Every structure is written in C-alpha cells, then in structure tokens.
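These are the residues of each chain, in order.
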Amino acid sequence: MTDLRSDTVTQPTEAMREAMLTAKLGDDVYGEDPTVNELEALAASTLGKEAGLFAPSGTQSNLLALLTHCGRGDEYLVGNNAHTYRYEGGGAAVLGGIQPQPITMNLSGELDLEELCASIKPDDFHFARSRLLCLENTHGGSVLSAHFCNQVRDLCNKFDLSLHLDGARLFNAAVAQKKHPKVLAEAFDTVSICLSKGLGAPVGSVLIGPREFINQARRWRKVVGGGMRQAGMLAGAGIYALQNHVERLSVDHKNAQTVCAVLERKFGTDSARCATNMIHLDLSEKIYASLSKTMSALGVKVGRPRWVFHLDVSSLDVERICGAIDSF
Ligand SMILES: *Cc1c(COP(=O)(O)O)cnc(C)c1O
C-alpha cells in the first residue's frame with residue numbers, strides 16, 4: 001500500500017528503530033534524558049538559536065510558543081488559512097485567553113501586508129494588545145521568499161511584535177531553496193519544527209528560540225501535560241531524522257514534480273500545482289473521484305485532492321502512479 005494522504009503516515013525505518021532502541025534514557029521532566037537533551041541542542045544549533053524544547057506534537061509546540069509570547073488579553077496576527085489559526089482547535093484562545101487576528105493569506109503563505117498593518121492595534125484599552133505575528137513555512141508545500149520574511153521582520157520591529165514561525169516543513173523549504181535552515185530561521189524569534197512529517201520520525205516536534213523563552217515554554221509544556229518521562233526513545237528517532245532524512249527530501253520533491261508533470265500532460269496545465277513535496281489537484285469532482293478509484297485499485301491511497309510525497313513512496317511507486325495516470 002502506498003499512502004499519499006499525508007507525509008505523517010511514514011513508518012520508522014530499521015535504522016531509525018535501532019536508534020530508538022539504543023537511545024540512552026532518563027527522566028526528561030527532571031531534565032535528565034540525555035537523548036532528549038541532545039535532540040534539543042541539535043535542533044537549536046541547526047536553526048542557529050540558543051535552545052530547544054521537545055514536544056509531542058506540532059500543535060503543542062505552536063501552542064507553547066503562543067502561550068509564552070502572549071498573555072491573557074493579548075493578540076496574535078496570523079494567516080486566515082494558517083495551521084496555527086485553523087487547525088489547532090483554537091488552543092491559544094481556549095487555554096491562553098489569546099485573541100487571534102486572522103489576516104488574508106495567499107497560496108504562497110504570504111499575508112496581505114496592508115491589511116496586516118491596518119490590523120495591528122494601537123495602544124488603547126479598547127483593543128487587545130497586538131503582541132505576535134505567526135507565519136508558516138512551507139504553507140501547503142509553498143516556500144516563503146526571503147524577501148517577504150525580511151519585509152515582515154521590519155514590520156515587526158516597527159510595531160514591536162514578536163515573530164513566530166510554524167516551520168512544520170521548514171526543512172522542505174531549506175532543501176528546495178538550497179539554503180541552510182539557519183538562514184530561513186534567521187528573521188524569526190521562535191520556530192517550531194515537526195520531526196514526524198517528511199523527516200519520517202514517528203512522533204515529535206521541537207520549539208526553538210532564546211534560552212529564557214524556552215525556559216518559560218518548558219513551564220507551559222508541563223501545564224498542558226507535555227512533560228514526558230523516558231522520552232529519549234522518541235527523541236532518538238528525531239536525532240536520526242535530522243542527521244539522515246533532511247537531504248533526501250529532495251527525492252520527495254522530485255517525485256512530486258514527476259507525477260505533477262504527468263497530471264498536467266493528461267488533464268491540462270491548470271489541473272495540478274506542485275509545491276515541494278505536495279501536488280494540489282484541481283479536477284472536477286467526478287474526474288477526481290474516478291481517478292481516486294483507479295489509484296485505489298493500484299494500492300495507492302489518496303484522500304482530498306492534495307497528494308503528499310514522503311520517504312515511504314519509492315521510485316517504483318512513482319512509476320506505477322505515472323503509468324496509471326497515463327492510461328487513465
Ligand atoms: C502538521 C502541521 C503542524 C503540527 O501538527 P501536529 O499534527 O500537531 O504535529 C503544524 N503546522 C503545520 C503547517 C502542519 O502541517
């Protein structure tokens with residue numbers, strides 16, 4: 001079975017399982033798990049920041065960032081289709097009394113800067129206090145441009161806002177742009193990365209930022225129940241992923257491009273859009289349903305018209321998928 005529904009479906013490889021089995025363990029709530037400590041240090045140095053904090057999910061890692069940047073009655077500005085706005089259960093509002101201010105966002109993940117500026121509240125007790133801006137890289141596979149990130153950084157400096165990046169797939173962006181992840185993280189105060197997407201670990205995210213910030217986020221992690229004990233078994237997978245599964249993301253990007261080209265040839269150039277490891281299909285409901293059936297008969301699972309490539313999709317799978325589209 002090949003599963004294109006998401007890059008979260010990957011199984012740990014044999015070598016990753018070995019790294020998990022042999023990881024040195026301790027109680028991480030006491031700060032004594034050497035493997036968790038190593039992962040946090042590795043993630044921080046990889047992104048050029050002071051400290052890291054291992055969290056069980058990207059949702060929690062982003063939540064810890066929001067709870068630490070903002071207090072009750074504060075506000076974060078965020079893209080209206082961003083994960084931290086739409087797909088995290090409203091956690092910042094539920095648990096932190098933090099008001100989200102959604103801003104129109106395009107398919108590339110860029111916010112409308114005019115609308116953004118107009119939405120930043122002046123210091124007046126009628127308003128929530130604008131504290132934080134959140135971006136996402138990649139957004140639906142699309143890579144944020146350095147130009148946009150720099151523009152936003154300048155705005156944040158001007159309006160005294162902190163800047164957080166939901167970098168669930170930051171490494172896809174880095175590999176696609178052939179840039180060190182440090183460079184992509186530079187404009188941001190804090191960054192959340194996912195180990196369980198394209199990097200292929202079974203579980204885990206890391207929140208990265210200044211040491212004092214991470215100390216406070218660690219308190220919030222305990223509050224929301226994210227303090228795990230011998231978590232080194234999971235962190236070991238994360239270290240393995242950071243050391244072995246970053247460069248190979250280019251294979252996923254290439255596979256997505258290959259399949260996208262075949263879709264375009266078959267259904268027209270507007271029928272599919274490729275962005276790093278994802279293809280967004282734009283077909284009539286009827287044709288898509290029929291194509292999904294064909295894929296299913298081939299042993300390829302697809303869900304909504306977004307196909308995601310990852311390390312459990314082989315070159316043989318790609319050949320079979322292309323063949324099936326060709327003769328559809
Ligand atoms: C997956 C994802 C997250 C985190 O999701 P979890 O399933 O909680 O790990 C955050 N942001 C984006 C853009 C994501 O794709």
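Cut-offs used in this document
Residues numbered from 1 in each chain as written. Predicted model: local features only at pLDDT ≥ 70, side-chain atom pairs only at ≥ 80, totals over all residues. Heavy atoms only, no water. Salt bridge = Lys/Arg side-chain N within 4 Å of Asp/Glu carboxyl O. Helix = DSSP H or I, 4+ residues; strand = E, 2+ residues; numbered from the N terminus. Buried < 20%, exposed > 50% of the residue type's maximum accessible area, 1.4 Å probe, protein only. Pairing = 2+ DSSP bridges. Axes fitted to C-alpha atoms, helices over the stretch in contact; angles between N-to-C directions. Contact = heavy atoms within 4.5 Å. Patch = residues over 30% accessible without salt bridge, like charges linked within 9 Å, V, L, I, M, F, W, Y side chains within 5 Å. Areas by Shrake-Rupley, 256 points an atom, 1.4 Å probe, with all protein chains shown as cover. Near = heavy atom within 4 Å. Polar contact = N/O pair within 3.5 Å; in protein donor to acceptor, adjacent residues only side chain to side chain. Nonpolar A, V, L, I, M, F, W, Y, C, P; charged D, E, K, R; others polar. Expected span 1.5 Å × (residues − 1). Arc of directions from axis to C-beta. Core = buried A, V, L, I, M, F, W, Y, C linked by side-chain atoms within 4.5 Å. Domains from an automatic or database assignment. Buried area = accessible area lost by both parts, 1.4 Å probe.

### Observations concerning the pattern of salt bridges
Think of it this way: side chains of opposite charge can pair up when their charged atoms draw near.
Part 1: The full count for this structure, using the stated rule, is twelve salt bridges.
Part 2: Between Asp 27 and Arg 229 there is a salt bridge, with its nearest N and O atoms 3.1 Å apart. With a gap of 202 residues between them, Asp 27 in the loop between helix 1 (14-21) and helix 2 (34-46) and Arg 229 in the loop between helix 10 (211-223) and helix 11 (232-244) connect regions that are remote in the sequence.
Part 3: By relative accessible area, Asp 27 is classed as buried at 14%.

### Notes on the sheet that holds strand 10 (residues 278-281)
Part 1: Here three strands make up an open sheet; going across it, the order is 9-10-12 and the pairing antiparallel. Edge strands, defined here as strands with exactly one partner in the open sheet, are strand 9 (272-275) and strand 12 (306-308). Along the sheet, successive strands turn relative to each other by an average axial angle of 20°, direction set aside.
Part 2: For strand 10 and strand 12, the ladder comprises three bridges, and the chain directions are antiparallel. Paired with His 280 across the bridge in strand 12 is Arg 306.

### Structural notes on the sheet that holds strand 3 (residues 74-79)
Consider a sheet: its strands pair through backbone hydrogen bonds, and that pairing is either parallel or antiparallel.
Part 1: Pairing is mixed across the open sheet formed by seven strands, whose spatial order is 2-8-7-6-5-3-4. One side of each edge strand has no neighbouring strand; the edge strands of this open sheet are strand 2 (51-55) and strand 4 (99-103). If you compare each strand with its neighbour and ignore which way they point, the axes differ by 20° on average.
Part 2: In this sheet, strand 7 (residues 190-194) lies alongside strand 6 (residues 162-167) in parallel orientation, the contact comprising four bridges. What sits directly across from His 164, in strand 7, is Thr 190.
Part 3: The strands touched by helix 10 are strand 2, strand 7 and strand 8 (205-209); relative to strand 2, the strand with the most contacts, the crossing angle is about 20°.

### Description of a nonpolar patch on the surface
Part 1: Together, Leu 21, Leu 25 and Met 233 give the surface a local cluster of nonpolar side chains, amounting to about 290 Å² of exposed area.
Part 2: Tracing the backbone through its elements, the reader meets Met 233 in helix 11.

### Looking at the site of the ligand
Part 1: Every residue close to the ligand is listed here: Ser 57, Gly 58, Thr 59, Asn 62, His 83, Glu 88, Glu 136, Asp 166, Ala 168, Arg 169, Cys 194 and Lys 197.
Part 2: Between the ligand and Gly 58 there is a distance of 2.8 Å, counted from an oxygen atom to a backbone nitrogen or oxygen.
Part 3: When isolated, the ligand has an accessible area of 380 Å², and the protein chains bury 80% of it.
Part 4: No other element matches helix 3 (residues 58-69), which puts three residues into the shell around the ligand.
Part 5: Here the residues of the shell around the ligand sort into two nonpolar, five polar and five charged.

### Quick word on helix 10
Part 1: Here helix 10 spans 19 Å end to end across 13 residues, near enough to the 18 Å set by a 1.5 Å rise per residue.
Part 2: Taken residue by residue, helix 10 has Phe 213, Ile 214, Ala 217 and Arg 221 as its buried positions. Angular distribution of buried residues about the axis of helix 10 spans 90°; they occupy a single face of the element. Exposed positions of helix 10 whose direction lies more than 90 degrees from the buried face are Arg 219 and Val 223.
Part 3: Lining the buried residues of helix 10 we find helix 2, strand 2, helix 3, strand 7 and strand 8.

### What about the nonpolar core?
Part 1: Ranked by size, the top nonpolar core spans 61 residues in total, and within it Tyr 76, Leu 133, Leu 135, Ile 193 and Leu 195 carry the most contacts.
Part 2: No other element matches helix 11, which puts six residues into this core.
Part 3: Filtering out sequence-adjacent residues up to four positions away, Tyr 76 remains in contact with Leu 66, Cys 70, Thr 84, Tyr 85, Ala 92, Ile 98, Gln 99, Pro 100, Gln 101, Leu 132 and Cys 134.
Part 4: Trp 307, Phe 309, Cys 322 and Ala 324 belong to the second-largest nonpolar core, a separate cluster that totals 23 residues.

### So, the domain arrangement of the chain
Part 1: Along its sequence, the chain is carved into domain 1 (14-244) and domain 2 (248-327).
Part 2: The straight-line distance from the C-alpha centre of domain 1 to that of domain 2 is 29 Å.
Part 3: Taken together, the 15 residues of domain 1 in the interface contact twelve residues of domain 2.
Part 4: Across the domain 1/domain 2 interface, buried area totals approximately 1000 Å², and carbon plus sulfur atoms make up 59% of it.
Part 5: The largest contributions to the domain 1 side of the interface with domain 2 come from Gly 140, Asn 172 and Gly 198, which together make up 37% of the buried area.
Part 6: Applying the counting criterion to the domain 1 and domain 2 interface returns zero salt bridges.
Part 7: Where domain 1 meets domain 2, there are three residue pairs in polar contact (both at pLDDT 80 or more).

### Describing the environment of Gly 26
Part 1: Checked against the element boundaries, Gly 26 lands in the loop between helix 1 and helix 2.
Part 2: Each C-alpha atom of the pair Gly 26 and Ala 297 lies 47 Å from the other, and the pair is 271 residues apart in sequence.
Part 3: Those residues within four positions of Gly 26 in sequence are excluded, and the remaining contacts are Glu 32, Asp 33, Pro 34, Arg 229 and Gln 230.

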